[in-house]
Amino acid sequence: MSIPANLKYTKDHEWVSIEGDVATVGITHFAQKELGDIVYVEVETLDQTLDKDEVFGTVEAVKTVSDLFLPLTGEIIAFNESLESAPETVNSDPYGAGWMIKIKIANASEVEGLLSAEAYTELIGA
């Protein structure tokens, strides 16, 4: 199972890539595998500022719908609109083309609370 070392992770099975004050967020390979075939990604919080751990959207699979939780406080500045027509990209390329949102980080100190690849590997028992 792929767990890129250059990313940060959350206990909610999201990955975070940070460049300056912008974080890109998606769900991990483990999460997409557990969910199964993803048929819809909904994010209605674009241009909103939300607190860490608030729900920013949902991901719908054939069998279930799961909330997506914001890993860091900030403004949602971009949504991967290609997921509207091709949500299965989250299954096929969760760490690349399957990214979900970009956040303008409001509190950089929250980054320290994210998990390393090693800690996330332990969390999922991989």
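The structure presented is a predicted model; accordingly, all values stated were derived computationally and were not measured. (Residues numbered from 1 in each chain as written. Predicted model: local features only at pLDDT ≥ 70, side-chain atom pairs only at ≥ 80, totals over all residues. Heavy atoms only, no water.)

Draft legend 1. Region of interest: the overall build of the chain. Scanning the chain from terminus to terminus reveals four helices and nine strands. Walking the chain from its N terminus toward its C terminus, one meets helices and strands in the order β-β-β-α-β-β-β-β-β-α-α-β-α. For the chain, the C-alpha radius of gyration of 13 Å lies close to 14 Å, the compact-globule estimate for 126 residues. For the chain, the spread of C-alpha atoms along the three principal axes comes to 35 × 35 × 20 Å. Taking the intrachain contacts of the chain between residues at least 6 apart in sequence as the baseline, contacts between residues at least 24 apart amount to 60%. With an accessible surface of roughly 6400 Å², the chain has 47% of that area assigned to carbon and sulfur atoms. Seen as two clouds, the 7 positive and the 23 negative side-chain charges of the chain have centres 6 Å apart. (Helix = DSSP H or I, 4+ residues; strand = E, 2+ residues; numbered from the N terminus. Rg over C-alpha atoms; globule rule 2.2 N^0.38 Å. Contact = heavy atoms within 4.5 Å. Areas by Shrake-Rupley, 256 points an atom, 1.4 Å probe, with all protein chains shown as cover. Lys, Arg positive; Asp, Glu negative; His and termini not counted. Charge placed at Lys NZ, Arg CZ, Asp CG, Glu CD.)

Draft legend 2. Fine view of unusual backbone geometry. Of note in the backbone geometry, His 13 takes a positive phi value of approximately 70° without being a glycine. With respect to the element layout, His 13 can be found in the loop between β1 (8-9) and β2 (14-19). Take His 13: its relative accessible area is 21%, and that puts it in the partly exposed class. The phi dihedral of Asp 47 is positive, around 70°, even though this residue is not glycine. Inspection of the secondary structure puts Asp 47 in the loop between β4 (38-42) and β5 (49-50). (Buried < 20%, exposed > 50% of the residue type's maximum accessible area, 1.4 Å probe, protein only.)

Don't take any of this as a statement about function, it's just geometry.
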